[in-house]
Amino acid sequence: MSKTTVLALVGSLRAASVNRQIAETAVAVAPKGVEVIVFDGLGDVPFYNEDIDGVASIPAVEALREAAGRADALLLVTPEYNGTIPAVLKNAIDWISRPYGTGAVKDKPVAVISASPSNNGARWAHEDTRKAACIAGGKVLEDVTLAIGGTTDKFAGRHPKENSEVAQQVAEVVTSLVDATRQFADA
Ligand SMILES: Cc1cc2nc3c(=O)[nH]c(=O)nc-3n(C[C@H](O)[C@H](O)[C@H](O)COP(=O)(O)O)c2cc1C
């Protein structure tokens, strides 16, 4: 069976981002035959602007679109900023939603994981990310609702991949994405 590739986009640019570490956990727990790649460089992607899209080469945008286009599925891992999706992740979704109808996210399975120190685990950002990815054309896995709360106490400075419960939950999300790529391929 051919390799399945999942591209992870992280909604936090912070060096010590817990959400990035959760994306790294997806890399660590990916089963044989599945490669999870965490995209580096969202911080270099300019704000979406129709005046510049397609007019001149924007290397950061090309890198994002190529990586998303090559991937079989997308994993969006996000904190919550002021009750919604952080701008960096929304911006990435906007870029891969265009050209309209043929953007890199079109018809691709998408799963969302959110995490925050608060008890609700960034649930509002989770919901808004699912909504944006769906309207952008992705096949959002609505039954993937992993929202990890209380991260400060839960991880206490340790990498989430060392937390067996969270590692298992993240592994289940990766499996759901891989299953979805196969279902869509068979459809
Ligand atoms: C501008 C800003 C707004 C925030 N708003 C929220 C919020 O609405 N809800 C929440 O749970 N946490 C909020 N936080 C706290 C983040 O969840 C916290 O900084 C989290 O650790 C960020 O994720 P990271 O570790 O992946 O960077 C906010 C943080 C920032 C910087």
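Predicted, not measured: the structure shown is a model, and the values here were computed from it. (Residues numbered from 1 in each chain as written. Predicted model: local features only at pLDDT ≥ 70, side-chain atom pairs only at ≥ 80, totals over all residues. Heavy atoms only, no water.)

In this chain, R98 is followed by P99 through a cis amide linkage whose omega measures 0°. Looking at the secondary structure, you find P99 in the loop between helix 3 (87–96) and strand 4 (109–115). Backbone geometry places A122, a non-glycine residue, at a positive phi of 60°. Relative to the assigned elements, A122 resides in the loop between strand 4 and helix 4 (123–135). The phi angle at A156 is positive, at roughly 45°, despite the residue not being glycine. Mapped onto the elements of the fold, A156 is located in the loop between helix 5 (151–155) and helix 6 (164–186). (Helix = DSSP H or I, 4+ residues; strand = E, 2+ residues; numbered from the N terminus.)

Turning our attention to the environment of S12. Within the secondary structure, S12 is located in the loop between strand 1 (4–10) and helix 1 (18–29). In this structure S12 comes out as buried when scored by relative accessible area, which is 9%. If near-sequence neighbours (up to four positions away) are discounted, S12 is found in contact with S17, P79, Y81 and V88. Polar side-chain contacts of S12 include one of 3.2 Å to the backbone nitrogen of R14. (Buried < 20%, exposed > 50% of the residue type's maximum accessible area, 1.4 Å probe, protein only. Contact = heavy atoms within 4.5 Å. Polar contact = N/O pair within 3.5 Å; in protein donor to acceptor, adjacent residues only side chain to side chain.)

With their axes 9 Å apart at the nearest point, helix 3 and helix 4 run at an angle of 15° to one another. Considering the angle they form, helix 3 stands roughly parallel to helix 4. As helix 3 packs across helix 4, the resulting crossing turns out to be right-handed. Side by side, helix 3 and helix 4 meet where L89, K90 and I93 of the first sit next to T129, A132 and A133 of the second. (Axes fitted to C-alpha atoms, helices over the stretch in contact; angles between N-to-C directions. Parallel < 35°, antiparallel > 145°, perpendicular 65-115°, else oblique. Left-handed = near helix turned anticlockwise from the far one by under 90°.)

Neighbouring the ligand are 13 residues; S12, R14, S17, N19 and G83 lie closest to it. E80 places a side-chain nitrogen or oxygen 3.0 Å from a nitrogen atom of the ligand. A breakdown of the residues in the shell around the ligand according to their chemical character gives 4 nonpolar, 7 polar and 2 charged. (Near = heavy atom within 4 Å. Nonpolar A, V, L, I, M, F, W, Y, C, P; charged D, E, K, R; others polar.)

Once that is clear, we can look at the pattern of salt bridges. Throughout the structure, instances matching the rule amount to 9 salt bridges. Across the salt bridge formed by E35 and K3, the nearest N and O atoms sit 2.8 Å from each other. Remark: K3 occurs in the segment before strand 1 and E35 occurs in strand 2 (residues 34–38); sequence separation between them is 32 residues. A residue is classified by how much of its surface remains accessible, and E35, at 33% relative accessible area, is partly exposed. When salt bridges with common partners are traced through the structure, they connect R20, E24 and D40 into a single cluster. (Salt bridge = Lys/Arg side-chain N within 4 Å of Asp/Glu carboxyl O.)

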